[in-house]
Structure formats: structure tokens, C-alpha cells
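A look at the structure
Chain residues, written in single-letter form:
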Amino acid sequence: MNQHFSRRDFLKLAAASGTLLASGLPAWGQDMSELLVYWRNNPREIETMEQAFADFTADHPSYSVNFQQAAGGLEGDARLQALFAAGTPPEVFASVFNAGLVDYVYRDFVTDLTPLIERDAWDQSDYFDVALETFTFGGKQFGIPRGGIPSPLFYNKDLFDQAGLPYPPTDWEDESWTWDTMLEYAHALTKREGPRTTQYGIVIGSTLNWNQWPMLWGAQIFPDDAFNYGLTREHNFRDPVVVNSLQKMVDLIWTEEVAPTPEVSGGFGFFGPFNNGLAAMYIHLGAYTVANNAEFNWGAAALPRGEPSAQQRSTTFTGPFLIGSGSNVEGAWDLVKYLTGVDGQRTIMRGAVVGTSRQSLLEEWFGAMSPPTNELLAVQAGGYKHGLESPNVRLVGWGEIATLLSSEFDLMMLGERSAQEAVDALAPKLDVLLNEIYDKNIDKARTIFPDFPG
Amino acid sequence: MRSREAMYLYLFIAPGLLGMILFHLAPMIVSFGLSFSEYEITSPPEFVGFQNYHRMLFVDELVGKSLSVTAVYAVVGVPIRLFLQLFIAMLLNRQLAGIRIFRAILYFPSVVAGVAIALGWILLLNPTYGAVNHLLWELFGIIGPRWLNSTQWVIPGLLLMSLWGIGPGIVINLAGLQGISAELYEAAEIDGAGSFRKFLHITLPMMSPILMFNLVMGIVSNFQIFTQAYVMTSGGPANSSLFFVLYLYRNAFEFFKMGYASALAWLLFAIILIMTLAVFRSSPLWVYYEAKRERT
């Protein structure tokens, strides 16, 4: 049988393929009630968020939620940018990646929620004031709080008991809790067998955007106006107090030898030496969920002061829910109101790294943890009182700034360079970068902030 | 009939051709245009003339740094891998019992995803708990280096890891070795040639087209290395593993400087093109093509 693939056959095949392809297309655009939520791929958060979406769509059957996740950090920001570039902005997202809210404000990624809040008389009295202030730029509120944590000092109560040491205080006003006392404890809690360290006094869990250490000595790496407008030409790394604080931090590893080196910490994977019961104290933002996985008695305490005058010692990270500009704003607003309402918060806070921003639910959130709730509440309240928001949330171009800081401080963290040498190398480069970011964004700043001084 | 055949030809090459035009050629043309602009994706590109190229060539010190890191990795890594690929292929070319199993074992790592390999090697190269330093101490009494945490050892560490993926090169070499006529070796043996002579005067010339292919592919892939540094070191410590493509990626997708990243991409394209042309131009001096020789 001589069968030919004729031109007619080809046209038939092409028409059939086209019809098949086209039949799949309407799903992309016709369902106007589909809400795209873009999030990081944190398994605990995803589980509780999915539960909250199921509850929301049960109450609001006209909506469906398309929940997409990406890796955290800079990769998540790259995908977020691609969503906006493609004209498919997410209805709901958050500053859970590397860039902070202010970066999104400058790039017109987020919707001003003030008119919606006023129209619906959305009650925000249950949120911490600091959270609302953090999300407000030029008198416009761009986010609704979903959680917040001031970084405390976590500690292993079992190891403190074994060493016969008193627990660190929960009271942030306690002037006896100083860096030197903490160092004394760290030495007492460090154990060695010959050349090997078998137990560490303290772990530097992360560098906390580098601002944490100067804050213990009453300094900051950027001036205040940087955080007011998200732009600055100045930084404080040349300040001897900042340099000294960074040196004190790395001395814990290389001089005092009470903290593990980066390679030792790296060998323990995500949960690190603290969660493995091999370190007594731990300074790490968002570690409530980490500490909560530990199989020992743990507690949270105030951060010590390096200098008696140091009041603002805790780095706070306050997370908002954001609504993508150009998205289905009304649908997104319905979802955000649910997620930040009491029912939604009760569901998602079980897996949330930053807990809840609703003061009325804080007791319930801490109640699920092993330390006494009143202790954790005291540490949280004191942390907010003695805390400052993390620079990454309120500084434009943080991704590039953070990359520069990390690369210039690498050798300091590895013990191959002093803090002074690291700062000497960093400072001129940071001057150039900050000026570049400032000049590039100054016009936008003038449109966002009527009182912008530049 | 010829027109029908032509139609089939175009029909069957159409998907590939369209893919190449849409996903390679068109983006290349667009990126060339973008390299003369400031472009943040979410706002329209703004023409800036040669500003990106000026910054890249005369201002940005990380361009030189990342190029030198990449060049060192390629210059050291490519010859080592070429040698090992040929050497192991020769070992696997022997007619021994169970040789197929050895071939499979040596190829197997190549099918593992790059990110999975990278994560595994982070643990293997951990200075304190990693297997590599443990073996160095147990077998040779050597205290191993800090590998990924050392500016001096991070590139050797990544080179060591790259040997994990030489399987495809071995297979190509093995195919080439099996294509060499046994008569050539027999004739050489009759003339009294030893193993080294046979390797130098038969194996190496006959394998030279394969070696050239692997060299070109090695240059291209080594100058485009990304995953290992992205996953394992983030370019650190202190930018000592900041490969060029990682720096390009950062500018494009982390710092949102798409125009500048496009200029960087064209610099990389030019470098790879020049190096590849240099290899092709030099090939008459060291590559032996049996078929060509037979025709002349």
C-alpha cells in the first residue's frame, strides 16, 4: 500500500494540533477569580499556608488560589521580577526573599493599601505599632503585618544546668547582662578534649545583616535617614565602635575560641551545632522555629549589651503580606484580610518563621513552645522595645549591598583579616555603591516621599 | 518528488530551526541591543550608548577578577580532564572480564544532577568533617586544606569535584579508541614498536580529532561554569570563586542590571569565539584527519 503524506494531510494535522493547543489556552486567562500567591519554599510555612488557603476558598468559593513557591533569597527575587516583567504579577506575596519591602515600593511592585484599609475600616489595633510603621512609606501603607520577631539570645537550659550557671535574663533592662558576662559564660560552657572542641559556648547563627553586632555597642551600620527613605550616601562602617563590634564577634571564633568556625558550623547542615545540642547559646534571627525542633530544654533571653548605653540591641524582622500592583487587587485584598485576620493568623502562625503580628495571638503561639510562655512573652515585648528593623527591609538595593558586604567580610569571618582591615577594604567600595544606588533612585524617591531631603 | 522531499525536509527541521531562532538567535540579537541600554526588565530600556562596555572594560574590577578566576579554572582544568578522559578510556578499552561494569560505574556520576553533586561535595570537602580530608589524614598523614573556605584552595576543590563528571568524555574517547584499526598496532608491533611508541605514533594522532572536539567543548563549558559556584560557594570566599557567568547572573537576576549583564554576555561570547577559532586555526598543526589524508 503506497501511502503518501499529502499537503491536505499536513493541513489537517496542523489544524488538529492547533485546536488541541488552543483548547488548553483559556484556562490561563478566563478564570478571573484565581489568585496567584508567590512564596518561598519553606516546607513548614507551605503546609500551614495551604491549610489557610483551603479554609479561605471554602468560605469564598468564587476564588481559587494558585500557590507558587521559589527558593528563598536572591533566586526568589529573580522569579518575582520575572512574574512582573511577564505581566502576571502575583496577587499576594511577601518580602520573604532577599529584597525588602522598600525595594518593591521603589520598583512599583506593591499596591498602596491605605485606600482599602480606610474603605473597609480594617482594624489594625491588634498589630504591633512598629510593624505598621515599617510598612509605611511617605504616608502610604504598603503591607499588612503577618508576623514579627525581635532576635533574642537562645540558650540550651540543659547545658547551663550542667555547668551550674544561672540562665541569662529575659529582662532587656537588666544591666548585669553584658557582653563580658556572656563571654564568661561562653568560656565556662565550652568543652575541649585535647585539640578538639566538643561543646561550644555560643554559635553565630548568621551575621544578621551585620547590623546586629554594632547594635550591641549602641551603633548602627547605616544612619537613621537611610531607613526613613530607603536611600543613603552614608554608612557608619568607619566608626571605630562598629569596627570594634565586628572584631568582638569574630574574636568569639578565632581568639576566644568559644564559637565554631564557619566550616565546623557548615558541617552540621541547616540546623547547626545549637540544635544538635553541641552549643549552649545561639544568636540567630527567626530561630524560634529552629529552636522548637531541638530535643532539649531551651530558653530565650535578652541580648547582652557591649556598652551600658546600648538600648536598641535586637534586630527585628517584621513580615508583611503584599499585594502586587496590577494584579486582581480586590481579590487579593479579600485573601490578605483573611490571612491577617485572627482565623488566618491562627492557622499560618503554626508554621510561620516570624510567628504572628497579632498581639492577641502571641500567647497562643508561644504556648505551643516548651519554655514558659511568660518568659517568651517578656523577651518578645522587650525585644520590640529594644529593637530596630533589619536593614534589608528598609534599604533600596539591599541585594547588591549584602553581596558586597559578604564578599568583603569573608576573610574576616575566616580569621584571615582583622575587622579594621576588612572595613578598610570595604568602605570605599560601599561609598561608590551607595552613591550609585542613590543617584539612580533619587527621582523615584521624590515621587514617593514629598519630604525627601535630597 | 523533489519538492515533496523538500517539504518533508523543512517540516522535520522546522521545530529545531524555530527553536533555534526563537530561543537562541532572537535572544542574542535582543541582548546585543540591550547591551547598549540600562534595563531593569520592569521598566523600558533606556539607551546609554557604550556606557556598559566602558564600565565593563575600564571601571568594574570584578570583571577582571571573575575572568581571571574562570581562566585559571579552564586553563588548569581542561588539560587535566582531557588527559584523564583519554587515560581512563584506554584502561577501559581492554578486553577484561567485567569491563562493561567498570564503564558503567565510571559513567554513572555523569547522570546525577549538578545541584545534587554540588551539595554532596560540600559535605565531602568540609575541612573538619569531610571525607576528603579524613582520607588525606588517614592515608597520608596530611592535614587537609580548608577547601571551599580558602581563597587558595577553593578552585582546586572545585577542580577536584569536576573530575566527577568526566564520564561523557571517557565514552567519546572510548568510541574513538575502538575506531582505531587493530592492523595499525599489529604493523607497528612487527616493526618493533613498544607501548609508548604505539601510543605516541598511532593512538595520539588517530585520537587527535576526538581530543580537539573535547578541547573545544571543554573550553566552552569551563568558561560557562556556574552551578558549582552558585550552589557551593556563592563566589566566595572573597570572590575567589566568582566565575564570570555567576557574576553575569548576579547582575542580571539579582541586581536587576539586565543591560550591563547583556554586555558581559557579549564579552564572554567574544572570548569563547576567539578561543574556539584559535583551536580550529591551530588544528592543522596537531590534528590528524585520516579521511582527509586518504583523499589527498
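**Comments concerning the sheet that holds strand β11 (residues 298-301) of chain A**
Residues and elements named next belong to chain A.
- With respect to topology, five strands assemble into an open sheet ordered β8-β9-β10-β7-β11, the strand pairing being mixed. The open sheet has two free edges, formed respectively by β8 (191-193) and β11, since each of these has just one partner strand. Neighbouring strand axes in the sheet, compared pairwise and without regard to direction, differ in orientation by 25° on average.
- Looking at chain direction, strand β9 (residues 196-204) and strand β10 (residues 279-283) are connected through four bridges and run parallel. In the strand pairing of β10, isoleucine 204 is matched with isoleucine 283.

**Some remarks on the side chain of serine 31 of chain B**
Residue and element names in this part refer to chain B.
- Position of serine 31 among the secondary structure elements: in helix α1 (residues 2-34).
- Take serine 31: its relative accessible area is 18%, and that puts it in the buried class.
- When near neighbours in sequence (up to four residues on either side) are disregarded, serine 31 contacts Ser262 and Trp266.

**Describing the packing of helix α21 (residues 398-413) of chain A against helix α22 (residues 419-448) of chain A**
Residue and element names in this part refer to chain A.
- Between α21 and α22, the least distance of the axes is 9 Å, while the angle of their chain directions is 165°. Comparing the axis directions of α21 and α22 gives the class roughly antiparallel. The handedness of the crossing between α21 and α22 comes out as right-handed. Of the residues in α22, those in contact with Glu400, Ile401, Leu404, Leu405, Glu408, Phe409 and Met412 of α21 are Ala419, Ala422, Val423, Ala425, Leu426, Lys429, Leu430, Leu433, Leu434 and Ile437.
- Its residues placed into classes, the contact of α21 with α22 shows 14 nonpolar, no polar and three charged.

**Some words on the side chain of asparagine 52 of chain B**
- Relative to the assigned elements, asparagine 52 of chain B resides in helix α2 (residues 51-59).
- Once you skip the residues sitting within four places of it in the chain, asparagine 52 of chain B turns out to touch Leu34, Ser35, Phe36, Ser37, Gly259, Tyr260 and Ala263 of chain B.

**Focus: the interface of chain B and chain A**
- Counting from both sides, the interface comprises 29 residues of chain B and, opposite them, 30 residues of chain A.
- The junction of chain B with chain A conceals about 2700 Å² of combined surface from both sides, 54% of it contributed by carbon and sulfur atoms.
- Counting the contacts that link chain B with chain A gives eight salt bridges.
- Between arginine 55 of chain B and glutamate 436 of chain A there is a salt bridge, with the nearest N and O atoms lying 3.0 Å from each other.
- Summed over the shared surface of chain B and chain A, the result is eight residue pairs in polar contact (both at pLDDT 80 or more).
- At the level of secondary structure, the elements contributing two or more residues to the side of chain B that touches chain A comprise α1 and α12 (244-254) of chain B.
- At five residues, the largest contribution of residues to the side of chain B that touches chain A is made by α12 of chain B.
- The residue makeup of the side of chain B that touches chain A, split by class, is 13 nonpolar, seven polar and nine charged.

**With respect to the environment of leucine 248 of chain B**
Residue and element names in this part refer to chain B.
- Among the structural elements, leucine 248 can be located in helix α12.
- By relative accessible area, which is 16% here, leucine 248 ends up buried.
- For the pair leucine 248 and leucine 11, spaced 237 residues apart in sequence, the C-alpha to C-alpha distance is 37 Å.
- The residues touching leucine 248, leaving out its near neighbours within four places in the chain, are Ala261, Leu264 and Ala265.

**Remarks on the pattern of salt bridges**
All names here are of chain A.
- Enumeration according to the criterion identifies 23 salt bridges over all chains in this entry.
- Between aspartate 431 and arginine 238 there is a salt bridge, and its shortest N-O distance comes to 2.6 Å. Taken together, the residues span a long stretch of sequence, with aspartate 431 in helix α22 and arginine 238 in the loop between α11 (224-229) and α12 (240-254) at a distance of 193 residues.
- On the accessibility criterion, aspartate 431 (22% relative accessible area) is partly exposed.
- Of the residues examined, arginine 238 reaches a relative accessible area of 48% and is grouped as partly exposed.
- In this structure, the salt-bridge partner of lysine 429 is glutamate 408, at a minimum N-O distance of 2.9 Å. Of this pair, lysine 429 sits in helix α22 while glutamate 408 sits in helix α21; the two residues are 21 residues apart in sequence, bridging distant segments of the chain.
- Classification of lysine 429 by relative accessible area gives partly exposed; the value is 32%.

**Some thoughts on the domain arrangement of chain A**
All names here are of chain A.
- Structurally, chain A comprises domain 1 (35-150 + 317-389) and domain 2 (153-315 + 391-448).
- Here domain 1 and domain 2 have C-alpha centroids that lie 25 Å from each other.
- Opposite the 41 residues of domain 1 that make contact, domain 2 presents 39 residues.
- For the pair domain 1 and domain 2, the two sides together bury roughly 3500 Å², of which 57% comes from carbon and sulfur.

**Some thoughts on the environment of lysine 248 of chain A**
- Relative to the assigned elements, lysine 248 of chain A resides in helix α12.
- Among residues more than four places away in sequence, those in contact with lysine 248 of chain A are Trp179 and Trp217 of chain A.

**Observations regarding the pairing of β10 of chain A**
Residue and element names in this part refer to chain A.
- For β10, the tally of buried residues reaches five of five residues, placing the bulk of the element in the interior.
- As judged from the three bridges shared by strand β7 (residues 153-156) and β10, these two strands associate in the antiparallel manner. In the sheet register, phenylalanine 154 faces β10, and the bridge partner there is tyrosine 282.

What counts, and at which threshold
Residues numbered from 1 in each chain as written. Chains lettered and ligands numbered in written order. Predicted model: local features only at pLDDT ≥ 70, side-chain atom pairs only at ≥ 80, totals over all residues. Heavy atoms only, no water. Pairing = 2+ DSSP bridges. Helix = DSSP H or I, 4+ residues; strand = E, 2+ residues; numbered from the N terminus. Axes fitted to C-alpha atoms, helices over the stretch in contact; angles between N-to-C directions. Buried < 20%, exposed > 50% of the residue type's maximum accessible area, 1.4 Å probe, protein only. Contact = heavy atoms within 4.5 Å. Parallel < 35°, antiparallel > 145°, perpendicular 65-115°, else oblique. Left-handed = near helix turned anticlockwise from the far one by under 90°. Nonpolar A, V, L, I, M, F, W, Y, C, P; charged D, E, K, R; others polar. Buried area = accessible area lost by both parts, 1.4 Å probe. Salt bridge = Lys/Arg side-chain N within 4 Å of Asp/Glu carboxyl O. Polar contact = N/O pair within 3.5 Å; in protein donor to acceptor, adjacent residues only side chain to side chain. Domains from an automatic or database assignment.

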